[in-house]
Amino acid sequence: MHVNTSVMSSDAMLALILESIRKLIDYELAVILRYDEAQQMLSVTKAAGPLAHSALTGYAISLKNRKDLAAILQGKRPHLFSESEEHIDTYADIIHLPLNHSCLVSPLILGDDIVGLLTFDHRMCNRFSPQIIGFIEMISTLVAALLVQFDVSNELIERTERLLNERNSLLASGSDVFRNLIGNSPQWVRVLDAIRLVAATEAPVLILGETGTGKEEVARAIHRLSSRVDRPFVPVNCSALSASLAESELFGHEKGSFTGALALRKGRFELADKGTLFLDEVGDLPMELQPKLLRALSDGIFERVGGEKPVKVDVRIIAATNVDLAQAIQGGRFREDLYYRLSVFPITLPPLRERASDIELLAFHFLNLIRERPGNSGLHLSEEAFRVLLSHPWPGNVRELKNALERAAILAGNSEIRPEHLGLGLHSPPWRATLAQHSSAKPASAAERQAAYPEDGGEGALPLQSTIKRRIEEALQASGGKIYGADGAAAALNLKPSTLQSKMKKLGIRREWFLASRRG
C-alpha cells in the first residue's frame, strides 16, 4: 500500500503506528491517551483493534480518581499486570473485559516530560510476555515524540492561519490599520495601495516625503500588515544620533567598551530581531556609520561596540527621509550603495497641498478626536475658520494641520473655533482660484459638513456613498457639467466616462443640474 506521508494527518499517522505494532503484539485494544497536567486528566487520542469502540472517542480519565494510573505515569516505566494482580480496568465503565485478561500500560515520556499513556488489552490471559517490555518502552518514546511534534505543527498551522486571517482582514480597505492614514484623493489612494502591496513582502522600503506628511504612520501600517505584526516595531530617529554614540545606539555595546559602558547593552537592531526597524530621517545618518549599516543590511550580521563575536539578526528595514538623497550622494554625505540597499521599494508621500481634497477629511477627523476628550464636546468650526483651513498651503503638511486644530481647541475653550484661534495666515493657493472660476454653486456650510462626519472619530471620514457623491458633484460643478474630454469630470476623477455615468445614475445625480454654470 502506497502512503503519501507528506499529506498524512496526525490521526492517520497514529493509526498506521498502532496497525504496525499489532504485527508484533497481539492486542485486541490499543489506545493512545494524551496527558493534561493542569487538569490531571488522560484523554483518548486514538484507539485501534477489534475492541475499539465509538464510546472511546473523547473518553477521559481523571487521575485524581485513578491513583494507580497516576503512580504508573510518575514511575515512567511500562507495567504489565500479572494474573494475580488486582487492578481496575482502564476502561471499565465503557468496555467489559473478563477477569484476568491481559493488560499492559506504558507511559509516553519525552525527556522528563509526561506526554501521555499507551495501553494494550486482550480478553485472553498471558497474551503479553515480559520480554516485550523493552520494545514497548522504545515504541512509547517514539509515540511521545510524534505527539509533541504534532502539537508543534498544529500550533504553527493555527498561528499561520490566524496571522493570514488577521492580515487578510487588515488588507481590507476599511481596516483599522489605516485608521490614521486619512484621505481618499487619487494621490493618497496610490500610497495606500503601495502599502498593501509591499507589506506582504520582506523587501526594504524607503518612504520619501516632506516633514509632517505621515512617514512614521505609513511605516507602522506596513508593519501591522506584515507577517511580523506580532514582533517589535523599533523606531530610530537618525537625526537625533550623535556621531559618537550612534554606533552604540544602533548596534549596542559590550561592558567596558568605553567610559560609562557599565553593562552590556543591546542596540536597536537586536531589539528589533524578528520584527521591523524603522530608520527615520536616514538621510541624516553619520557618514562614518553608513558602512557598518550597509553590512548589517546585507548580511544581517554585526558586532557590538567593543565586541568581537558576530551577532546575527532577522530584521526588516523601513527607512524614511525628507532629504533629497540624490543630492546627498553627489555631495558625499550619503553612500550610493546604501541608498540602493534601502530603496528596493520607494513610496513617495504627497504633500498636503497636492492632495487638497483631503484637507476637509483630515480636519474633521482630528476635530472629532479632540471632541472625544473631556470638556471638548462643544467644539465646532466657524465658517471663516473652515475657509482658512481650505485656503492655507500647509507647508508643515498633516502635522501642521493637526497642531493648528490642537492649538485652536485650547484657545476656543469648548466653543466655536474662529480664524484667529488657528494662528494661520490667509493664503490663497492657485488650485483654489482655478476651482472658484468654474463654481457658482454655494458650498456646503461648515456646520453641514461637520454634521456629515461621525462624531465618534471611529473612521474619520464621510460615509462612503456620501463622499463619492460629493466628489462627483464637485467635479461636475468645476467642469460645467462636462463629462468627456481632458477637461471633463471623468478625467478629473480618474474614471472612465461610462463608469462615471453609471455612478451618477446610481446616486441620483443629473448632469443637467451643472450645465448652467458652464453657460454662465
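Before reading on, note that the structure itself is shown above.
Residues numbered from 1 in each chain as written. Predicted model: local features only at pLDDT ≥ 70, side-chain atom pairs only at ≥ 80, totals over all residues. Heavy atoms only, no water.

A. Expanded view of the pairing of strand β1 (residues 29-36). Within β1, seven of the eight residues are buried, leaving the element largely enclosed by the surrounding structure. Two strands pair when backbone bridges link them, and β1 and strand β6 (residues 113-122) are joined in this way by six bridges, in the antiparallel orientation. Bridge pairing links Leu-29 to Asp-121 in β6. Pairing of β1 with strand β2 (residues 41-48) involves seven bridges; the strand directions are antiparallel. The residue of β2 that forms the bridge with Ile-32 is Lys-46. (Buried < 20%, exposed > 50% of the residue type's maximum accessible area, 1.4 Å probe, protein only. Helix = DSSP H or I, 4+ residues; strand = E, 2+ residues; numbered from the N terminus. Pairing = 2+ DSSP bridges.)

B. Structural detail: the nonpolar core. With 30 residues, the main nonpolar core has Leu-250, Phe-269, Leu-277, Leu-279, Ile-317 and Leu-342 as its most contacted residues. Mapped onto this core, the elements with two or more residues apiece are β8 (233-237), α6 (246-251), β9 (276-280), α8 (290-299), β12 (316-321), α9 (325-330) and α10 (336-342). It is α8 that contributes the most residues to this core, four residues altogether. In this structure, Ile-317 is in contact with Ala-203, Pro-204, Val-205, Phe-269, Leu-277, Leu-279, Leu-297 and Leu-342, ignoring residues within four places of it in sequence. (Core = buried A, V, L, I, M, F, W, Y, C linked by side-chain atoms within 4.5 Å. Contact = heavy atoms within 4.5 Å.)

C. Representation of the side chain of Asn-397 within the structure. As for its position among the elements, Asn-397 is in helix α13 (residues 397-412). Exposure remark for Asn-397: the relative accessible area of 0% places this residue in the buried category. Within the local environment of Asn-397, its side chain forms a polar contact with the side chain of Glu-210, the two groups lying 3.2 Å apart. (Polar contact = N/O pair within 3.5 Å; in protein donor to acceptor, adjacent residues only side chain to side chain.)

D. The sheet that holds strand β3 (residues 60-62), seen in detail. Pairing is antiparallel in the open sheet, where six strands are placed in the order β3-β2-β1-β6-β5-β4. Of all strands in the sheet, those bounded by a partner on one side alone are β3 and β4 (79-80). In the packing of helix α2 (residues 67-75) onto the sheet, the strands contacted are β1, β2, β3, β4, β5 (102-110) and β6, and the crossing angle to β6 comes to about 120°. (Axes fitted to C-alpha atoms, helices over the stretch in contact; angles between N-to-C directions.)

E. Expanded view of the layout of surface pockets. One number sums up the size of the second largest pocket: a volume of about 530 Å³. Gly-212, Gly-214, Lys-215, Glu-217 and Arg-399 are, among the 23 residues lining the second largest pocket, the residues nearest its centre. For the lining of the second largest pocket, the secondary structure elements donating two or more residues are α5 (215-225), α11 (359-371) and α13. The class makeup of the residues in the lining of the second largest pocket is seven nonpolar, eight polar and eight charged. (1 Å grid on protein atoms, 1.4 Å probe; cavity = no way out; pocket = protein on both sides within 12 Å on 5 of 7 lines; lining within 4 Å. Points joined across faces, edges and corners; volume = space filled by probe spheres on them. Nonpolar A, V, L, I, M, F, W, Y, C, P; charged D, E, K, R; others polar.)

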